[in-house]
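# Architecture and fold: a report
As a plain string of letters, each chain reads:
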Amino acid sequence: MKKSKVARGYFLNTVVIILLFTAFQILTSAKGSQGSFKLVLIPSIWQCCYLMVLAASLNLVLGFMGQLSLGHCGFMAIGAYTAALLSLACERAELFEGKSDPAFILVLFSSVIAAGLMAAVLSLLVGIPALRLKGDYLAIITLGFGMIIINIINNLPFCGQDGLALGSAGASLYKNGLGFGSKAKVQFIWFALLVTIISLALMFMFIRSKYGRAIKAIRDDEIAASASGINTAKFKVMTFAYSAFFAGVAGALYACTNATLSTSSFAFTNGGILNSTFVVVMVVLGGMGSLTGSVIAAVIMFLINYEIKNGQWVSALPASLSGIFEYPMLVYAVVLIVVIMFRPKGIFGTYEFSLQNLIPDIRRALEMHRTADAEKKEANGNA
Amino acid sequence: MLEVKDLNLYYGAIHALKGISLTVKDGELVSLIGSNGAGKTSTLHAISGLLPISSGSLTLDGRDLRKVHPNKIINLGLAHVPEGRHVFARMTVEENLLMGAYIIRDSKKIMKNLEKVYSYFPRLRERYKQLAGTLSGGEQQMLATGRALMTDPSILLMDEPSMGLSPLLVKEIFSIIQTLHDSGITILLVEQNAKMALAVSDRAYVLETGKISMSGPASELANDDRVRKAYLGA
């Protein structure tokens, strides 16, 4: 009985995703050449895609395993550089001709997978010693890792200037085998969506599996988890690597959207949205332990960031007020504080969106709301 | 059969367990009673490998427990319900129980054991979707016990199941222990509540400052003058 319910859930999700996907493809082919669609909406979707994957991947470590990692953008940087350089190598080896060549699609997919694998392998280097530490110490070591990786990339000659053998250390990577222009972004939007959906699905399945349960058990009580027969050290390292894999995938998507890669965009001092602490903010905002929450929070943070930078209303504000928008970090902080005041567990808490349970969930929420109201009324009546 | 012989355990310089020997035969319910700091919990922790012992032998059905890693001991059929319950607070009741069956790969067997645990503890079935941290103390104790039963253990070590529970719940927990015993599970029970423990047990050991001072059938100990004065408050 239970199994068929799970199978039905997968079937329902697959059907709905395929329908939405096709609808979006039709829309894209119809409107793909129009100005605002091509120049605003599509690039925004690309950005949202990698932010969602990034936030969800951090949630595995932070929300489900309960370990604070502050170096997540380091893994994203590794992924971005791996994908950019691998595709550049393929381009120089003339494996494909132009971006409409079918061989390019193959290169695209292998770059994404290579980016994930590279990030996962390097995460083991940090994870194996670091995960023996707990709490603040793990946060410090991962924070350090994020900074170190930026410095390493800055000093690798093949990561600078024209890339590979032609490069020189210390500069941004101006050659990127991916680096889509606005036309290519429209052409390959299906790729961004597909990678995002597959990544989210894989993370979701991981959480629902026996292994997902095991890491939640480690978060709640390490002694009892060990007494249940779980090898806690192994699971921590494994989850860390799994999470880094998807951060690497997010990095590869990032490399697709930017013609030039610069380490400063992943650095801790970066005031933009790609900063390890802001990924933490996204996860906390959406709810630690809810992948749905991370996805929604990534979009919210993106919209806030977008409005601050491009919103017309900002310039209409008096100078004294619009000054705050020079410092986007202040705005994120205020948003986070407000959310934590009203919803201490984040927007979604541990709730996961599911098409199958949507109607029962809404019904239950309404019922709880009604009983709370009734209790309030009763209390007022008694008073 | 669980056999403990000449168990010695030190906390630094402190000699906590001084040559403890005890046996639990298959199907028996044996309790270990004694006051605070007598070494009851230490004995259980030593048996399940959570504390290193300095000398002595520990065997379960003839196999040496000292050579087994703590997270593998559960594979030998020894399950430990730790003191203070230790449930996974932010996971649901059912997830907690499934965690107990972590080492079992056969999903049919897991479902069968889950069904069995729910039949022992109908209250857990009612609340299978609730977060474990929001259960009452008694329900958490049921959950911790149920989780240990998920592996179908041949022997169950229970550490202070009545701790921090109301008298009514203590009664309920003990009636559950009695049911488990009646269904053939071997239990080694550690309790401060000597009266209740002696009432359900077959045999008992009295532990005093790291040594076993008395042992025998539970009914005899319950009528023993020294035990009555020291532990039963009569």
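Counting of residues starts from 1 at the beginning of each chain's written sequence and follows it residue by residue. Chain letters start at A and ligand numbers start at 1, both assigned in the order the entries are written. Only residues with pLDDT of at least 70 get local features here, since the model is predicted, and only at 80 or more are side-chain atom pairs given and counted; chain-wide, interface and lining totals rely on the full set of residues.

## With respect to the overall build of chain A
Think of it this way: any DSSP run of H or I at least four residues long counts as a helix, any run of E at least two long counts as a strand, and we number them from the N terminus. Helices and strands together make up the secondary structure of chain A, namely 16 helices and zero strands. Taken over C-alpha atoms, the radius of gyration is set against a globule rule of 2.2 Å times the number of residues to the power 0.38. Relative to its length of 383 residues, chain A is compact, with a C-alpha radius of gyration of 22 Å against a globular reference of 21 Å. Along the longest, intermediate and shortest principal axes, the C-alpha atoms of chain A span 80 × 55 × 55 Å. For chain A, with 383 residues in total, the buried portion stands at 41%. Buried means a residue has 20 or more other C-beta atoms within 10 Å of its own C-beta, exposed means 12 or fewer, and partly exposed covers the counts in between; C-beta atoms are placed from the backbone.

## Describing the overall build of chain B
Helix and strand counts for chain B come out as 10 helices and 10 strands. Relative to the globule expectation of 17 Å for 234 residues, the C-alpha radius of gyration of chain B, 17 Å, shows essentially globular dimensions. The principal-axis extent of the C-alpha atoms belonging to chain B is close to 45 × 40 × 30 Å. For chain B, the residues scored as buried account for 44% of the 234 residues in total. Working definition of a contact: two residues with C-beta atoms, positioned from the backbone, lying within 7 Å. Counting contacts in chain B only where the partners sit at least 6 residues apart, residues at least 24 apart contribute 66% of the total.

## A short note on the environment of I230(A)
Looking at where I230(A) falls in the secondary structure, it is placed in the loop between α9 (222–227) and α10 (232–257). According to the C-beta neighbour criterion, I230(A) is buried, with 23 such atoms within 10 Å. Put simply, I230(A) and I218(A) are 12 residues apart on the chain and 8.5 Å apart in space, counted from C-alpha to C-alpha. If we skip the residues at most four places from it in the chain, I230(A) touches A214(A), A217(A), I218(A), A225(A), F235(A), N71(B) and Y102(B).

## Here we look at the packing of helix α4 (residues 102–130) of chain A against α10(A)
Residues and elements named next belong to chain A. As a packed pair, α4 and α10 sit with axes 7 Å apart at the nearest point and diverge in direction by 140°. In this structure, α4 meets α10 at a crossing whose hand is right-handed. Residues S111, V112, A115, G116, L117, M118, A119, A120, S123, L124, G127 and I128 of α4 lie in contact with α10, whose contacting residues are V237, F240, A241, A244, F245, F246, A247, G248, V249, G251 and A252. Ten residue types, Ala, Val, Leu, Ile, Met, Phe, Trp, Tyr, Cys and Pro, are classed as nonpolar, four, Asp, Glu, Lys and Arg, as charged, and the remainder, Gly among them, as polar. Of the residues assigned to the contact of α4 with α10, the class counts are 17 nonpolar, six polar and no charged. In this analysis, axes come from line fits to C-alpha atoms, helices being fitted only over the stretch in contact, and the angle between any two N-to-C directions falls in the range 0 to 180 degrees. Left-handed describes a crossing whose near helix is turned anticlockwise from the far helix by less than a right angle; the clockwise case is right-handed.

## A few points about the sheet that holds strand β8 (residues 186–191) of chain B
What links the strands of a sheet is backbone hydrogen bonding, and the strands pair in either a parallel or an antiparallel sense. All names here are of chain B. Across the sheet, six strands lie side by side as β6-β7-β8-β3-β9-β10; this open sheet has mixed pairing. Edge strands, defined here as strands with exactly one partner in the open sheet, are β6 (78–81) and β10 (211–217). Between one strand axis and the next, the sheet turns by 15° as a mean value, whatever way the strands run. One bridge is not enough; two strands pair if DSSP finds at least two bridges between them. Examined bridge by bridge, strand β3 (residues 29–33) and β8 share five bridges and lie parallel to one another. Across the sheet, L29 pairs through a bridge with I187, a residue of β8. Contacting β3, β6, β7 (155–159), β8 and β9 (203–208), helix α1 (residues 40–47) crosses the sheet at an angle of about 145° to β7.

## A few points about the sheet that holds strand β5 (residues 63–64) of chain B
Residues and elements named next belong to chain B. The strand order β2-β1-β4-β5 describes an open sheet built from four strands, whose pairing is antiparallel. Both edges of this open sheet fall to β2 (14–24) and β5, since each of them pairs with a single strand only. In this sheet, β5 lies alongside strand β4 (residues 55–60) in antiparallel orientation, the contact comprising two bridges. Pairing of L60 across the sheet is with R63, part of β5. Together, β1 (2–11), β2 and β4 form the strand contacts of α1, whose direction differs from that of β2 by roughly 70°.

## Concerning the nonpolar core
Each nonpolar core consists of buried Ala, Val, Leu, Ile, Met, Phe, Trp, Tyr and Cys residues. Their C-beta atoms, within 7 Å, join them into a set. The biggest cluster of nonpolar side chains holds 172 residues, and the ones touching the most others in it are A55(A) and L253(A). Not counting residues up to four positions away in its chain, the partners in contact with A55(A) are V279(A), M282(A), V283(A), G286(A), S294(A), A297(A) and A298(A).

## So, the domain arrangement of chain A
Often, the extent of an interface is quoted as the loss of accessible area on bringing the components together. All names here are of chain A. An automatic or database domain assignment supplies the start and end points of every domain. When cut into domains, chain A gives domain 1 (1–31) and domain 2 (35–278). Centre-to-centre, using C-alpha coordinates, domain 1 lies 26 Å away from domain 2. Counting residues at the interface gives five residues for domain 1, matched by six residues for domain 2. Residue composition of the side of domain 1 that touches domain 2, by class: two nonpolar, two polar and one charged.

## Quick word on helix α2 (residues 35–64) of chain A
Residue and element names in this part refer to chain A. For α2, built from 30 residues, the straight-helix expectation of 44 Å at 1.5 Å per residue is met to within 8% by its first-to-last C-alpha distance of 42 Å. Bending is quantified residue by residue as the angle between axes fitted to the seven-residue window ending at that residue and the seven-residue window starting at it. Along α2, the helix axis deviates most sharply at L58, where the bend reaches about 30°. Positive phi shows up at G66, right after α2, with a value of about 70°. Multiplying 1.5 Å by the residue count of a helix minus one yields the expected span of that helix.

## A few points about the interface of chain B and chain A
Listed as interface residues are 16 residues of chain B and, on the opposing side, 14 residues of chain A. At the level of secondary structure, the elements contributing two or more residues to the side of chain B that touches chain A comprise α2 (70–73) and α3 (93–100) of chain B. Residue classes in the side of chain B that touches chain A are distributed as 10 nonpolar, four polar and two charged.

## Structural notes on the packing of helix α6 (residues 137–149) of chain B against helix α7 (residues 167–182) of chain B
Residue and element names in this part refer to chain B. Between α6 and α7, the least distance of the axes is 10 Å, while the angle of their chain directions is 20°. On the basis of the axis angle, α6 is roughly parallel to α7. Crossing of α6 over α7 shows right-handed handedness. Counting all contacts with α6, which are made through G137, G138 and Q141, the residues of α7 involved are L169, E172 and I173. What sets the label is the angle itself: under 35 degrees gives roughly parallel, over 145 gives roughly antiparallel, 65 to 115 gives roughly perpendicular, and the rest give oblique.

## With respect to the pairing of β6(B)
Residues and elements named next belong to chain B. Burial of the side chains of β6 extends over both faces: L78 and H80 are buried on one face and A79 and V81 on the other. Pairing analysis gives four bridges linking β6 to β7, with the strands arranged parallel. Paired with L78 across the bridge in β7 is I155.

## Some thoughts on the environment of N8(B)
Residue and element names in this part refer to chain B. Mapped onto the secondary structure, N8 falls in strand β1. Sequence-wise, N8 and I53 are 45 residues apart; in three dimensions their C-alpha atoms are separated by 6.1 Å. Leaving out residues up to four positions away in the same chain, N8 has contacts with L17, K18, G19, I53, S54, S55 and G56.

## With respect to unusual backbone geometry
Residues and elements named next belong to chain B. Of note in the backbone geometry, D152 takes a positive phi value of approximately 60° without being a glycine. Mapping D152 onto the fold places it in the loop between α6 and β7. On the basis of neighbour count, D152 is assigned to the partly exposed category, with 14 C-beta atoms found within 10 Å. Its identity as a non-glycine residue notwithstanding, T209 has a phi of 35°, on the positive side. Following the sequence through the fold, T209 ends up in the loop between β9 and β10.

## Some points on the pairing of β10(B)
All names here are of chain B. In terms of strand pairing, β9 meets β10 through six bridges, oriented antiparallel. Looking at β10, one finds that V206 is bridged to M214. In textbook terms, the turn of a hairpin is the stretch between consecutive antiparallel strands, and for β9 and β10 this stretch comprises two residues, one of which, T209, has a positive phi near 35°.

## So, the environment of R208(A)
Secondary-structure assignment places R208(A) in helix α7 (residues 189–208). Among the residues examined, R208(A) registers 13 C-beta atoms within 10 Å and is labelled partly exposed.

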